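# Coordinate inspection notes
If you want the building blocks of each chain, they are given just below.
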Amino acid sequence: MINRTHSIPIVLLTGFLGAGKTSVLNYLLKQNHGLKIGVIVNDFGDINIDSLLVSAQTDTQLELTNGCICCSVDDGELDDAISQLAYKGSTLDYIVIEASGLAEPKDLANMLRLMRNRYAHFDSVITVVDAANFAKNNKVHTSALANLNLADIVIINKVDLVTQKALDEIISTINFASPQAKVVRAEQGQVDPRLLLNSDLPLNNTRQLKLTNGSNDHDHEHLHESFSSVSFTTVKPLNPDKFEAWAGKLGDDIFRAKGICYFGMKGVGQKYIFQAVGTRYELKLDEWAGHETPLTQLVVIGKNLSQSAIKKELDELIDSEPDNISADTLMDIFKYK
């Protein structure tokens, strides 16, 4: 057994719905950096979609579901989860906690600051922002800019979707809100791991002061209290025409939709990863793991959602005639990039 002589740095990965946290994490895990990284994934909803998307990249993962980690678990439960990764014989070099897009970074950071595990320590906060929806998200999430004060690194993701002028304005806003943070630009969550995994970052005194003076009693209003989620699972294949029509008209009240789709023989039996942020969506081909049963698992997150109406819409996507379309037709329907 390894006799650990130093504690494991814990990196907190935060960001609003659809910013690209899972893309950043998956890219980090895929890189050949020689580091062993343990992961704790929290998602908002009954199905931990983010955990499903990360699981193929690491064997050392825990998932926390059914709500935001800042409220759904207490300090002791988070300590217990971390203890499953950080212990005397652990071989991990880092632990990354991917928080729900509706979690409160300050509460979670406080929990990590006060944890009792002597084999791990709270190292840094990485916040991912969505360049394409920066202004819109700041209106919805009124404390988003204030939360940037906790960040050591801010990743501006999806820079390829905005003009240079818009990007300059975003950078200026971030520099004002978080002058101590290192700002990194990214497309599709692709960031050099050497920029993210750095235990020698200078102490964020602003964060330390805010956490020390802040409370951890969760009495204040949380963002997720105004949001709800709808989960959907079926082993029956979906109709690709109906799915495209549904995905193309997601309403303003839906901020995020994601999951795994199965189109039966109309998708040649393959797995499809679905991601939607606002009115923009994409489907990417993937492969079923050997132990996986082909199925569809979707989560829809938003405000003022009618659970019954959305579940009815999703039920209607199930294909009543699943075997009469070619792979070429499917490619035309989804117009893959």
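Refer to the structure printed above.
## Some remarks on the overall build of the chain
- Summing up its helical and strand segments, the chain has 13 helices and twelve strands in all.
- Burial analysis of the chain (337 residues in total) assigns 54% to the buried set.
- When contacts within the chain are restricted to residue pairs at least 6 apart in sequence, those whose partners lie at least 24 apart make up 78%.
- When the accessible surface of the chain is summed, it comes to about 15600 Å², and 48% of that surface belongs to carbon and sulfur atoms.

## Considerations on the nonpolar core
- Counting 23 residues, the largest nonpolar core has I10, L12, I82, I95 and L112 as the members making the most contacts within it.
- Mapped by element, the contributors of at least two residues to this core are β1 (8-14), α4 (75-83), β4 (94-98), α5 (105-113) and β5 (120-130).
- In terms of residues, this core owes the most to one element, α5, which gives four residues.
- Among all residues touching I82, those that are not within four sequence positions of it are I10, I40, I95, L112, M115, N117 and A120.

## Structural notes on the environment of F227
- As for its position among the elements, F227 is in the loop between α10 (205-213) and β8 (228-234).
- The class of F227 is buried, set by a relative accessible area of 6%.
- Between the C-alpha atom of F227 and that of G302, which follows or precedes it by 75 residues, the distance is 5.4 Å.

## A short note on the pattern of salt bridges
- Overall, the coordinates contain six salt bridges when judged by the stated rule.
- A salt bridge links D79 to R116, with the nearest nitrogen and oxygen atoms 3.5 Å apart. With a gap of 37 residues between them, D79 in helix α4 and R116 in the loop between α5 and β5 connect regions that are remote in the sequence.
- A relative accessible area of 10% means that D79 is categorised as buried.
- One salt bridge in this structure joins K271 and E292, with 3.1 Å as the shortest N-O distance. In this pair, K271 sits in strand β10 (residues 271-277) while E292 sits in the loop between β11 (280-286) and β12 (296-302), placing the two residues 21 residues apart along the sequence.
- You can call E292 partly exposed: its relative accessible area is 27%.

## Examining the packing of aromatic side chains
- In the structure shown here, the tally under the stated rule is ten aromatic pairs.
- Ring centres of F16 and F255 lie 6.4 Å apart, and the angle between their planes is 80°; on these two criteria the pair is classed as edge-to-face. With F16 in the loop between β1 and α1 (21-30) and F255 in strand β9 (residues 254-262), this pair connects stretches of sequence that are 239 residues apart. Residues F16 and F255 agree in their burial class; the two are buried.
- Measuring from centroid to centroid gives 5.6 Å for F243 and W246, while their planes differ by 50°, and the two rings are tilted. Of the two residues, F243 and W246 both sit in helix α11 (residues 240-247), three residues apart, roughly one turn of that helix.
- Exposure remark for F243: the relative accessible area of 0% places this residue in the buried category.

Cut-offs and rules
Residues numbered from 1 in each chain as written. Predicted model: local features only at pLDDT ≥ 70, side-chain atom pairs only at ≥ 80, totals over all residues. Heavy atoms only, no water. Helix = DSSP H or I, 4+ residues; strand = E, 2+ residues; numbered from the N terminus. Buried < 20%, exposed > 50% of the residue type's maximum accessible area, 1.4 Å probe, protein only. Contact = heavy atoms within 4.5 Å. Areas by Shrake-Rupley, 256 points an atom, 1.4 Å probe, with all protein chains shown as cover. Core = buried A, V, L, I, M, F, W, Y, C linked by side-chain atoms within 4.5 Å. Salt bridge = Lys/Arg side-chain N within 4 Å of Asp/Glu carboxyl O. Phe/Tyr/Trp six-rings, centres within 6.5 Å; stacked < 30°, edge-to-face > 60°.

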